[in-house]
Amino acid sequence: MSGLSISDQAVELGDGVRLQVRHWHQQPASDYTLVLLHEALGSIDLWRDFPERLALATGLDVVAYDRRGYGRSTEEEYPRPLDYLEREGEIWLPRLLAALELEKVILVGHSDSGSIVLVGAGAMPDRVMGVISIAAHLTVDSLTIKGIREAGERYRTSDLPERLARRHGERGRLLFDAWHDTWLEPGFQRRMNFEPWLANIRCPALIMQGENDEYGLPDQVYTIVERLGQNARGILIPDAGHFPQNQQPEFVVTAIREFVTPIVADSRNGNGSA
């Protein structure tokens, strides 16, 4: 695998929480690590070969993990609190990075985890050297609601329950309902706004979304970039929907490589913040 090795481990974070983690190691280890956070119904395995592609393209270590309640990680609390995404970025992500002793990270989050990494970058400005969101949600917009309602219909009429069971076992139905019902809850929709976190982000940011995303309007990208200012770059990915890392993997990998290369180079030359 061209100098890469892979390891899996269960990481204890306290309070009865254990997260399943997979690490793509460079030989020798890189000083920066790309940390991948999966989407609302995802898992480590749903990234497919994307982490390996990133590791080979960037020369950096890559870490992916199952969030609480997903895959082989321990349960989360149900019903989900309305601020559950903020808790993931403000509490559990920092605990994981500390447990793994990762000091220089570039966060990569897809869909609702795109929102989580924005929180994480705002909460850990000294540890997060860059933030990459793919189809992040700043707020719940009309297309988000439409997409979630259509997903509910697919759950009733397609093999989606079986596919979720393969990733999450008996928890598949619980995870789907927790996502579907929470995001359609009016109280959640009213309070979900991650703009306050953007003011705390000091690192460079790459904000991406498929131009045909089924779950978010392009305004999500435009607004995030506008609020973050000159350190942020927005990209609408052509011929891609909500999963551009699967639909346009070369485009996404190239964009990430071009984004992280100067961050790592500046730090190694003594010009970075780390």
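Residues numbered from 1 in each chain as written. Predicted model: local features only at pLDDT ≥ 70, side-chain atom pairs only at ≥ 80, totals over all residues. Heavy atoms only, no water.

### Remarks on the nonpolar core
For soluble globular proteins, the rule of thumb is that nonpolar side chains tend to be buried together. Here is the rule we go by: Nonpolar cores are built from buried Ala, Val, Leu, Ile, Met, Phe, Trp, Tyr and Cys residues. Side-chain atoms within 4.5 Å join them into one set. Exposure classes here rest on a 1.4 Å probe applied to the protein chains alone. A residue is buried below 20% of its type maximum, exposed above 50%, and partly exposed in between. Counting from the N terminus, the helices are DSSP H or I runs at least four residues long and the strands are E runs at least two residues long. Residue contacts are counted whenever heavy atoms from the two residues lie within 4.5 Å of one another.
Of all hydrophobic cores here, the largest spans 55 residues; its most connected members are V131, W179 and W183. By residue number, the principal contributor to this core is helix α2 (residues 84-99), which donates 6 residues. Residues within four places of W183 in sequence aside, it is in contact with Y84, L85, D112, H137, V140, T144, I148, F188, Q189 and M192. Core analysis: the second largest hydrophobic core is formed by 31 residues, V108, I237, A240 and V252 among them.

### Things to note about the sheet that holds strand β8 (residues 232-237)
To keep things clear, this is the line we draw: Pairs of strands are assigned from DSSP output, requiring at least two bridges between the strands. Every axis in this analysis is a line fitted to C-alpha atoms, fitted for helices over the stretch in contact. Angles between the N-to-C directions lie between 0 and 180 degrees.
Taken in spatial order, the 8 strands of this open sheet run β1-β2-β4-β3-β5-β6-β7-β8, and their pairing is mixed. Of all strands in the sheet, those bounded by a partner on one side alone are β1 (4-14) and β8. On average, each strand axis in the sheet is inclined to that of its neighbour by 20 degrees, with strand direction left out of account. Packed onto the sheet, α2 meets β1, β2 (17-26), β3 (33-37), β4 (61-65) and β5 (105-110) and runs at close to 120 degrees relative to β1. Contacting β3, β5, β6 (128-134) and β7 (205-210), helix α3 (residues 112-123) crosses the sheet at an angle of about 150 degrees to β5.

### A short note on empty space enclosed by the protein
Which entries qualify depends on this criterion: Think of a 1 Å grid over just the protein atoms. A cavity is a set of points where a 1.4 Å probe fits yet cannot get out, a pocket is an open set with protein on both sides within 12 Å along at least five of seven lines, and lining residues have an atom within 4 Å of a point. Grid points are joined across faces, edges and corners, and a volume is the space filled by probe spheres set on the points. Amino acid classes used here: Ala, Val, Leu, Ile, Met, Phe, Trp, Tyr, Cys and Pro are nonpolar; Asp, Glu, Lys and Arg are charged; the rest, including Gly, are polar.
Evaluated as defined, the whole model comprises 1 cavity of 30 Å³ or more. In terms of residue class, the lining of the largest cavity is made up of 3 nonpolar, 6 polar and 1 charged.

### Observations regarding the side chain of T33
Mapped onto the elements, T33 comes out in strand β3. T33 gets classed as buried once you look at its relative accessible area, which sits at 5%. Those residues in contact with T33 that sit more than four places away from it in its chain are D61, V62, V63, L102, K104, V105 and I106.

### Notes on the layout of surface pockets
Of the volumes computed, that of the largest pocket is approximately 510 Å³. Taken together, the elements giving at least two residues each to the lining of the largest pocket come down to α4 (142-157), α5 (160-168), α6 (172-183) and α10 (244-247). At 6 residues, α4 tops the list of elements feeding residues into the lining of the largest pocket. Grouping the amino acids of the lining of the largest pocket by side-chain chemistry returns 10 nonpolar, 7 polar and 8 charged.

### Let's talk about the pairing of β4
Definition in use: Look down the strands so they point away from you; if going from the first strand over the helix to the second traces a clockwise path, that crossover is right-handed.
Counting buried positions along β4 gives 5 out of 5 residues, so the element sits mostly inside the fold. With 4 bridges joining them, β2 and β4 adopt antiparallel strand pairing. The partner of H23 across the bridge, within β4, is V63. Note that β3 and β4 share 5 bridges and pair parallel. Note on β4: the bridge partner recorded for L37 is Y65. Handedness of the crossover is the feature at issue here: the chain leaves β3, passes through helix α1 (residues 50-58), returns alongside β4, and the resulting connection is right-handed.

### A few points about α2
The condition is simple: To estimate the expected span of a helix, count its residues, drop one, and scale the result by 1.5 Å. Fitting axes to the seven residues ending at a residue and to the seven starting there, one defines the bend at that residue as the angle between these axes.
Between its terminal C-alpha atoms α2 stretches 21 Å, which fits the 22 Å expected from 16 residues at 1.5 Å a residue. Of all the bends in α2, the largest measures some 35 degrees and sits at W92, one to four residues before the proline P94. If you check which residues of α2 are buried, you get Y84, L85, E86, E88, G89, W92, L93, P94, L96 and L97. E101 sits one or two positions beyond α2 and adopts a positive phi of about 60 degrees.

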